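Chain and residue survey
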Amino acid sequence: MGERMICAGCGVEIQTEKEGETGYTPESALKRDVVICQRCFRLKHYNEVQDVSLTDDDFLRMLNQLGSQKALIVKVVDLFDFDGSWLDGMHRFTGGNPVLLVGNKVDLLPKSVKRSKVIQWMKKQAKEYGLKPVDVTLMSAETGEAVLETADTIEKYRNSGDVYVVGCTNVGKSTFINKLLREFGAEDEAMITTSNIPGTTLDMIDVPLDDGSVLYDTPGIINHNQLSHLLSKKDLKIITPKKEVKPIIFQLQPSQTLFFGAMGRIDFIEGAQQSFIVYMSNDIHIHRTKLEKADELYTNHAGRLLSPPSEEDFSSFPPFNMKEWKIPSGKIDIVFPGLGWITISGEGSVIRTHVPDGIHVTMRDSIF
Ligand code: GDP
């Protein structure tokens, strides 16, 4: 493609090489009188927001602009991958703008857990990350639970101003915006307007609100600490829970190990017998074994008995990194980002975690 071309919808530079990235347009669409990127095309014709990912540089550029606008920031996180989808440090870029924290995918949490408890927990976690949201809400963009309440809360805090919806890829932003678009029946032609931030090309979708303000859907930001980047689409389907997660309780003695497919492993090294409560997709195969046999099992069976990943993907899987943890008082979660978490409560116990190089296990106060 010789000359530089700009999308008539959102103002981003058009490119024909990388599908799924900003500005992608198929070669054939360049012949049209008005050229728009595939993301705008889908929104215009199918009333559907499509995922594109931003590079880290683009993301920082975009965040810097958020700080200089007066707007409500709606930060969407995935309740099932809270830490993995948090986007640490974002609040430093949002200027003095209020942030509404929305926990999506609440349908995946066990129904027995009180919603108010989850909200309290989110407030506490946000504080630890250094964010003081104006409010915290829960919803399920997929099932529609509390989507309208979330829209009302946005309305309450935006003070007739603009709204930016931000979040990591896969938190459910597109699902949420599409639900809103359908709910409020926005006219498709009206939805695509040129980005009105002067001198910039931002691949944002503008959804005009009643009073002339705009709701911007910002593209997802890739979080590199996500297991999903190492897995095939098929395996990703297995590890992503689709419905309420049923916790599985293992009574473990020291010197026992649990494998989560071949994607993670937890060893109980020291402490009294206790329960390890696993919150993961019900389709993940969990294998219990003796610690002394664990290395050999992994060497001989990863990709087969221990899967996902499948055998062919396992060949390019990074080797495991090990970390030792001493359990403090209270109930805590050991979080395997992208997979789920394990709740334990044995003060003074020692455990070890193993995850592919580049993925970081964390410990937090228990969500329940
Ligand atoms: P985006 O990258 O943030 O725009 O995320 P998407 O809207 O594309 O959603 C990512 C994945 O999460 C998709 O497979 C959705 O079906 C799923 N998803 C989105 N919202 C929910 C939800 O509320 N509950 C559940 N269980 N899945 C959801």
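Structural data are supplied above this passage.
Here the residue numbers are simple positions, counted from 1 along each chain's written sequence. In keeping with the model being predicted, local features are shown solely for residues with a pLDDT of at least 70 and side-chain atom pairs are shown and tallied solely at 80 or more, while totals for entire chains, interfaces and linings include all residues. To get the side-chain values, take all heavy atoms of the structure and skip hydrogens and water.

Here strand β10 (residues 256-260) lies mainly inside the structure; five of its five residues are buried. Three labels apply to residues, based on accessible area from a 1.4 Å probe with only protein chains included: buried if under 20% of the type maximum, exposed if over 50%, partly exposed otherwise in between. Secondary structure follows DSSP: runs of H or I at least 4 residues long count as helices, runs of E at least 2 residues long count as strands, and numbering of each begins at the N terminus. The side-chain alternation of β10 yields two buried faces, one formed by Gln256, Leu258 and Phe260 and the other by Thr257 and Phe259. Each pair of strands is called paired provided DSSP finds at least two bridges between the two strands. Pairing between β10 and strand β11 (residues 264-270): five bridges, direction antiparallel. Paired with Phe260 across the two strands is Gly264, which belongs to β11. If you look at the hairpin formed by β10 and β11, you'll find three residues sitting between the two strands, and Gly261 has a positive phi there, around 55 degrees. In this structure, β10 lies alongside strand β13 (residues 286-290), joined through five bridges in antiparallel fashion. The residue of β13 that forms the bridge with Phe259 is His287.

This next bit is on helix α4 (residues 147-157). Along α4, the residues classified as buried are Val147, Thr150, Ala151, Thr153 and Ile154. Taken down its axis, α4 places every buried residue within 160 degrees of arc, on the same side. Looking at α4, the residues exposed on the side facing more than 90 degrees away from the buried face are Asp152 and Lys156. Looking one or two residues past α4, Asn159 carries a phi angle of roughly 50 degrees, positive in sign. Directions pointing from the helix axis toward each C-beta atom define the arc.

Our next topic: the nonpolar core. Core analysis: the biggest nonpolar cluster contains 53 residues, and Val74, Met122 and Trp341 have the highest contact counts within it. Mapped onto this core, the elements with two or more residues apiece are β2 (71-78), β3 (99-104), α3 (115-128), β4 (135-138), α4, β5 (162-166), α5 (173-184) and β7 (214-217). Of the residues forming this core, the biggest block, six residues, is contributed by β2. The residue makeup of this core includes at least three contributed by each of domain 1 (48-221) and domain 2 (229-365). With 28 residues, the next largest nonpolar core counts Ile266, Ile284, Leu339 and Val355 among its residues. The definition of a nonpolar core used throughout is a set of buried Ala, Val, Leu, Ile, Met, Phe, Trp, Tyr and Cys residues joined through side-chain atoms within 4.5 Å. The domain limits used here are those given by an automatic or database domain assignment.

For Arg158, the location among the structural elements is in the loop between α4 and β5. Polar contact is defined as a pair of N or O atoms within 3.5 Å, subject to the rule that within protein one atom must be able to donate a hydrogen and the other to accept it, and that residues adjacent in sequence are counted only when both atoms are side-chain atoms. At 3.0 Å, the side chain of Arg158 forms a polar contact with the side chain of Glu155.

Turning to empty space enclosed by the protein, a few remarks are in order. A cavity here means a set of points on a 1 Å grid, drawn over the protein atoms and nothing else, where a 1.4 Å probe fits but cannot get out; a pocket is an open set with protein on both sides within 12 Å along at least five of seven lines, and a residue lines either one if it has an atom within 4 Å of a point. Grid points are joined across faces, edges and corners, and a volume is the space filled by probe spheres set on the points. In the structure shown here, the tally under the stated rule is two cavities of 30 Å³ or more. In this structure, the largest cavity occupies an estimated 190 Å³ of space. Residue classes in the lining of the largest cavity are distributed as six nonpolar, seven polar and three charged. Three classes are used, and their members are as follows: Ala, Val, Leu, Ile, Met, Phe, Trp, Tyr, Cys and Pro are nonpolar, Asp, Glu, Lys and Arg are charged, and the others, Gly among them, are polar.

To continue, consider the side chain of Ser366. Within the fold, Ser366 resides in the segment after β18 (362-365). A relative accessible area of 12% means that Ser366 is categorised as buried. Within polar-contact distance, the side chain of Ser366 engages the backbone oxygen of Phe368 at 3.1 Å. By definition, residues are in contact when any of their heavy atoms lie within 4.5 Å. The contact partners of Ser366, leaving out residues within four places of it in the chain, are Trp121, Lys331, Ile332, Asp333 and Thr343.

Spatial relationships are all this shows, so hold off on functional conclusions.
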